[in-house]
Amino acid sequence: VQLQAYGGGLVQAGGSLRLSCTDSGRKRTTSNNAMGWFRQAQGEEREFVAAISRTGDTTVYADSVKGRFTISRDNAKNTLYLQMNNLKPEDTAVYYCATHRTPLPSRDKMSYAYWGQGTQVTVSS
């Protein structure tokens, strides 16, 4: 599994960004398991943002992003997405995608087996 997150950038508060995460490695592992997005602000611990089941029919969100962010996936393209709307300065962080060990989503970062390189999201006020 080789995950790569991209799509980050600088945006004003209230704006939108769409992150993508592609697996360029073994397709079978990623498409068979749940995936998630996490973020890490400078000086802070990595925190859960959103997760989605293998089939995409179950999603889980952190309270801080619920109603603003939408996680989705396209297994045919081996790609995970995170649509971020109404961004706030407190959303500024490096965003990471990860593949879970099972088909079911989880908030627990320790239950994720593979991690991609992050992409920086900066929201200006």
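Higher on the page you've got the structure.
Computed from a prediction, not measured in an experiment: that's the story for all the values here. (Residues numbered from 1 in each chain as written. Predicted model: local features only at pLDDT ≥ 70, side-chain atom pairs only at ≥ 80, totals over all residues. Heavy atoms only, no water.)

Enquirer: Quick question: what am I supposed to make of the sheet that holds strand S7 (residues 69-74) here?
Expert: Each strand in a sheet pairs with another by means of backbone hydrogen bonds, the pair being arranged parallel or else antiparallel. Pairing is antiparallel across the open sheet formed by four strands, whose spatial order is S1-S3-S8-S7. On the outer flanks of this sheet lie strand S1 (3-6) and S7, each paired with one strand and no other. Averaged over all pairs of adjacent strands, the angle between their axes in this sheet comes to 15 degrees, without regard to strand direction. Strand direction decides the pairing type here: S1 and strand S3 (residues 17-23), joined by four bridges, are antiparallel. (Pairing = 2+ DSSP bridges. Helix = DSSP H or I, 4+ residues; strand = E, 2+ residues; numbered from the N terminus. Axes fitted to C-alpha atoms, helices over the stretch in contact; angles between N-to-C directions.)

Enquirer: Which parts of the structure should I look at to understand the pattern of salt bridges?
Expert: Oppositely charged side chains may form a pair once their charged atoms are brought near each other. Here the structure, examined in full by the defined rule, presents four salt bridges. Where Asp91 meets Arg68, a salt bridge forms, and the shortest distance between an N and an O atom there is 2.7 Å. With Asp91 in the loop between strand S8 (79-84) and strand S9 (93-100) and Arg68 in the loop between strand S6 (59-61) and S7, this residue pair connects regions lying 23 residues apart in the sequence. Linked by salt bridges that have partners in common, Arg39, Glu47, Arg68 and Asp91 make up one network. (Salt bridge = Lys/Arg side-chain N within 4 Å of Asp/Glu carboxyl O.)

Enquirer: So what exactly am I meant to see when it comes to the state of the cysteines here?
Expert: Disulfide: a covalent bond connecting the sulfur atoms of a pair of cysteines. Here the structure, examined in full by the defined rule, presents one disulfide. Sulfur-sulfur distance for the disulfide between Cys21 and Cys97 comes to 2.1 Å. Between Cys21 and Cys97, the S-S dihedral sits near 65 degrees, and the bridge is therefore right-handed. Linking Cys21 in strand S3 with Cys97 in strand S9, this pair joins segments that are 76 residues apart in sequence. (Disulfide = S-S within 2.5 Å.)

Enquirer: Help me understand the pairing of S8 in this model?
Expert: The two faces of a sheet get side chains in turn, since along a regular strand they alternate between them. Across the six residues of S8, five count as buried, placing the element largely inside the fold. As paired strands, S3 and S8 are joined by six bridges and run antiparallel to one another. Residue pairing for S8: Cys21 is matched across the bridge by Leu80. Linking S7 to S8, which pair antiparallel, is a turn of four residues; within it Asn78 sits at a positive phi near 55 degrees. (Buried < 20%, exposed > 50% of the residue type's maximum accessible area, 1.4 Å probe, protein only.)

Enquirer: Even after reading the chapter, I still don't get the side chain of Thr79, so can you show me in this structure?
Expert: With respect to the secondary-structure elements, Thr79 resides in strand S8. A polar atom in the side chain of Thr79 sits 2.9 Å from the backbone oxygen of Lys77. In contact with Thr79, not counting residues within four places along its chain, are Ser20, Cys21, Thr22, Arg73 and Asp74. (Polar contact = N/O pair within 3.5 Å; in protein donor to acceptor, adjacent residues only side chain to side chain. Contact = heavy atoms within 4.5 Å.)

Enquirer: How should the packing of aromatic side chains be read in this particular structure?
Expert: Two aromatic rings are characterised by how far apart their centres lie and by the angle between their planes. Summed over the entire model, instances satisfying the criterion amount to four aromatic pairs. An angle of 75 degrees between the planes, with centres 5.7 Å apart, marks the rings of Phe38 and Phe48 as edge-to-face. One end of the pair, Phe38, is in strand S4 (residues 35-40); the other, Phe48, is in strand S5 (residues 47-52), and 10 residues separate them in sequence. Accessibility assignment for this pair places Phe38 and Phe48 in one class, buried. For the cation-ring pair, Arg18 lies above Tyr81, with the distance from its terminal atom to the ring centre recorded as 4.0 Å. Across the ring face of Tyr96, the terminal group of Arg46 is positioned such that the distance to the ring centre comes to 3.7 Å. (Phe/Tyr/Trp six-rings, centres within 6.5 Å; stacked < 30°, edge-to-face > 60°. Lys NZ or Arg CZ within 6 Å of the ring centre and 35° of its normal.)

None of this, on its own, says anything about what the molecule does.
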